[in-house]
Amino acid sequence: MRSVRCFGAWAIVCAVMLSSAGNASETLDNAQLIKMMREGVSLEVIVKLVDSSLNPTSQNTNLRFDSSPDALTEIQKAGKEGGWQTADIGTLQKKVIEISGRDQKYLKELVDRALNVFENADPDEFILMMRTLAREGRRVVPYLLAKIDEESERKRGGVIDALRRVGDKSENVVRAIT
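Residues numbered from 1 in each chain as written. Predicted model: local features only at pLDDT ≥ 70, side-chain atom pairs only at ≥ 80, totals over all residues. Heavy atoms only, no water.

**Some thoughts on the confidence of the model for the protein chain**
Here comes step 1: Per-residue pLDDT for the protein chain averages 81, and the proportion of residues at 70 or more is 82%.
Here comes step 2: Residue range residues 1–24 is modelled with pLDDT below 50. Its contacts to residues more than four positions away, or to other chains, number six contacts. (pLDDT = per-residue confidence, 0-100. Contact = heavy atoms within 4.5 Å.)

**Observations regarding unusual backbone geometry**
Here comes step 1: Despite not being glycine, A121 has its phi angle at roughly 60°, a positive value.
Here comes step 2: With respect to the helices, strands and loops of the structure, A121 is situated in the loop between α5 (86–120) and α6 (123–136). (Helix = DSSP H or I, 4+ residues; strand = E, 2+ residues; numbered from the N terminus.)

**Observations regarding helix α8 (residues 153–166)**
Here comes step 1: Taking 1.5 Å of rise per residue, 14 residues should cover 20 Å, and α8 covers 20 Å from first to last C-alpha, within 8% of that figure.
Here comes step 2: Turning to α8, its buried residues are K155, G158, V159, D161, A162, L163 and V166.
Here comes step 3: Close packing links the buried residues of α8 with α5, α6, α7 (141–145) and α9 (171–177).
Here comes step 4: Taking the backbone nitrogen of R154 as reference, a side-chain oxygen 3.3 Å away marks S152 as the first, capping residue of α8.
Here comes step 5: Just downstream of α8 lies G167, where phi reads positive at about 85°. (Expected span 1.5 Å × (residues − 1). Buried < 20%, exposed > 50% of the residue type's maximum accessible area, 1.4 Å probe, protein only. Polar contact = N/O pair within 3.5 Å; in protein donor to acceptor, adjacent residues only side chain to side chain.)

**Let's talk about the packing of α5 against α8**
Here comes step 1: Where α5 contacts α8, the axes come no closer than 8 Å and their chain directions differ by 120°. When the axis of α5 is compared with that of α8, the two are oblique. You can see that α5 and α8 cross each other, and the crossing is right-handed. For the pair α5 and α8, the contacting residues are L115, F118, E119 and N120 in the first and R154, K155, G158, V159 and A162 in the second.
Here comes step 2: In terms of residue class, the contact of α5 with α8 is made up of four nonpolar, two polar and three charged. (Axes fitted to C-alpha atoms, helices over the stretch in contact; angles between N-to-C directions. Parallel < 35°, antiparallel > 145°, perpendicular 65-115°, else oblique. Left-handed = near helix turned anticlockwise from the far one by under 90°. Nonpolar A, V, L, I, M, F, W, Y, C, P; charged D, E, K, R; others polar.)

**Focus on the environment of R64**
Here comes step 1: Within the secondary structure, R64 is located in strand β2 (residues 63–64).
Here comes step 2: Residues R64 and D29, spaced 35 residues apart in sequence, show a C-alpha to C-alpha distance of 4.8 Å.
Here comes step 3: Among residues more than four places away in sequence, those in contact with R64 are T27, L28, D29, N30, D103, E136 and R139.

**What to know about the pattern of salt bridges**
Here comes step 1: Enumeration over the complete set of coordinates arrives at 15 salt bridges.
Here comes step 2: Salt-bridge contacts for E74 lead to K77; the nearest nitrogen and oxygen are separated by 3.7 Å. Residue E74 and its partner K77 are both found in helix α4 (residues 69–81); the two are separated by three residues, about one turn of the helix.
Here comes step 3: E74 sits in the partly exposed class, given a relative accessible area of 30%.
Here comes step 4: Residue K77 is classed as partly exposed on the basis of its relative accessible area of 43%.
Here comes step 5: Residues joined in a network through salt bridges with shared partners are R38, E74, K77 and E81. (Salt bridge = Lys/Arg side-chain N within 4 Å of Asp/Glu carboxyl O.)

**Quick notes on the packing of helix α2 (residues 30–38) against α4**
Here comes step 1: Packing of α2 against α4 brings their axes to within 7 Å, and their N-to-C directions diverge by 20°. Taken together, α2 and α4 sit at an angle that is classed as roughly parallel. The interaxial crossing formed by α2 with α4 has right-handed handedness. Here N30, L33, I34, M37 and R38 of α2 lie close against α4, whose contacting residues are A71, E74, I75, A78, G79 and E81.
Here comes step 2: Taken together, the residues of the contact of α2 with α4 break down into six nonpolar, two polar and three charged.

Take a look at the structure:
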């Protein structure tokens, strides 16, 4: 009877772990990270969760971290609220900066590849690239806006089409397009 209870408890723990962060469709971002820190989740557990989400073929699609000064300050506050050691908070901040940098590099390279696809004008590649850009959503907008002044009409047209498909209608996007 005791082994049945132990198995039942183990099964519940596994189910909670799988449903909370092991889910490939769920994104781990600063808000979730801060919530976990405030609730006292340890650095080791968070690092394990982050490391398991790092998948070289997915280009960190499960991790969306902001490493701006405000975001790092929020991590600092959450760590203090959660009773973390200063060294542990610093370690996590470094991890967030590292992953955020990788993500920014990926988005820049994605837009650079997109410009080549726009210039080549292969309809199949164009459609696939537009789907990829649209999937990235608004986070790719700054990288597209940086390329809106390209000399090539095909590249400019592709950038504008990508911005339309992303659906960002903010003032800076509308101003850049007009």
